[in-house]
Amino acid sequence: AIHAFPPDLGQGVNAALEDVKTLGDVLDDQNAVAAYQAARAPAAKAIAHLVQRGFPYQYDQSVWRQRLFTVGLVGRVAANALAAKLLPEKI
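Residues numbered from 1 in each chain as written. Predicted model: local features only at pLDDT ≥ 70, side-chain atom pairs only at ≥ 80, totals over all residues. Heavy atoms only, no water.

Looking at the overall build of the protein chain
Then comes step 1: Counting its regular elements, the protein chain contains three helices and zero strands.
Then comes step 2: Helices and strands appear in the protein chain in the N-to-C order α-α-α.
Then comes step 3: Looking at the protein chain as a whole, 18% of its 91 residues qualify as buried.
Then comes step 4: In the protein chain, once contacts between residues fewer than 6 apart in sequence are set aside, the share between residues at least 24 apart is 37%.
Then comes step 5: Total accessible area on the protein chain is roughly 7,300 Å²; 64% of this is exposed by carbon and sulfur atoms. (Helix = DSSP H or I, 4+ residues; strand = E, 2+ residues; numbered from the N terminus. Buried < 20%, exposed > 50% of the residue type's maximum accessible area, 1.4 Å probe, protein only. Contact = heavy atoms within 4.5 Å. Areas by Shrake-Rupley, 256 points an atom, 1.4 Å probe, with all protein chains shown as cover.)

This is the structure in structure tokens:
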């Protein structure tokens with residue numbers, strides 16, 4: 001299996017372990033490759049969808065999606081900085 005996850009997504013080892021378990025489960029099957037593909041395809045599709053939405057600069061995304069991501073990121077950074085100034089260090 002080949003998994004091209006961004007390193008900060010933290011899914012590489014998780015996906016590899018799921019691959020090993022799934023492959024072990026289907027090895028006795030006559031159509032092991034097809035069974036493996038059928039078992040892992042939904043998870044691979046979900047991760048690909050997550051990566052496309054969460055990391056638009058690393059993948060071909062529309063200009064508007066990139067701008068929306070940037071606005072959201074700047075907003076989160078600004079909110080974090082504001083909270084650090086307004087909230088006491090120790091509660």
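Some remarks on a nonpolar patch on the surface
Then comes step 1: Taken together, the side chains of Leu 82, Leu 86 and Leu 87 define a hydrophobic patch exposed on the protein surface, amounting to about 340 Å² of accessible area.
Then comes step 2: Take Leu 82: it is sitting in helix α3 (residues 63-86).
Then comes step 3: Of the residues examined, Leu 82 reaches a relative accessible area of 49% and is grouped as partly exposed. (Patch = residues over 30% accessible without salt bridge, like charges linked within 9 Å, V, L, I, M, F, W, Y side chains within 5 Å. Salt bridge = Lys/Arg side-chain N within 4 Å of Asp/Glu carboxyl O.)

Quick notes on the environment of Val 26
Then comes step 1: Position of Val 26 among the secondary structure elements: in helix α1 (residues 12-26).
Then comes step 2: Its relative accessible area of 11% is what places Val 26 among the buried residues.
Then comes step 3: For the pair formed by Val 26 and Ala 39, sequence separation is 13 residues and the distance between their alpha carbons is 9.2 Å.
Then comes step 4: Not counting residues up to four positions away in its chain, the partners in contact with Val 26 are Ala 32, Ala 35 and Tyr 36.

A look at the confidence of the model for the protein chain
Then comes step 1: Scored by pLDDT, the protein chain comes out at a mean of 81, with 80% of its residues at no less than 70.
Then comes step 2: The lowest-confidence element of the protein chain is helix α2 (residues 32-54), averaging 86 in pLDDT; the highest-confidence one is α1, averaging 88. (pLDDT = per-residue confidence, 0-100.)

Notes on the pattern of salt bridges
In a structure, side chains of opposite charge can pair up when their charged atoms sit close to one another.
Then comes step 1: Scanning the model with the defined rule gives three salt bridges in all.
Then comes step 2: A salt bridge links Glu 18 to Arg 40; its shortest N-O distance comes to 2.9 Å. Linking Glu 18 in helix α1 with Arg 40 in helix α2, this pair joins segments that are 22 residues apart in sequence.
Then comes step 3: Looking at Arg 40, the relative accessible area reads 12%, which means it is buried.
Then comes step 4: Put simply, Asp 19 and Arg 40 hold a salt bridge, and the shortest N to O gap is 2.6 Å. Remark: Arg 40 occurs in helix α2 and Asp 19 occurs in helix α1; sequence separation between them is 21 residues.
Then comes step 5: Ionic contacts of the salt-bridge type, sharing partners, join the residues Glu 18, Asp 19 and Arg 40 into one network.

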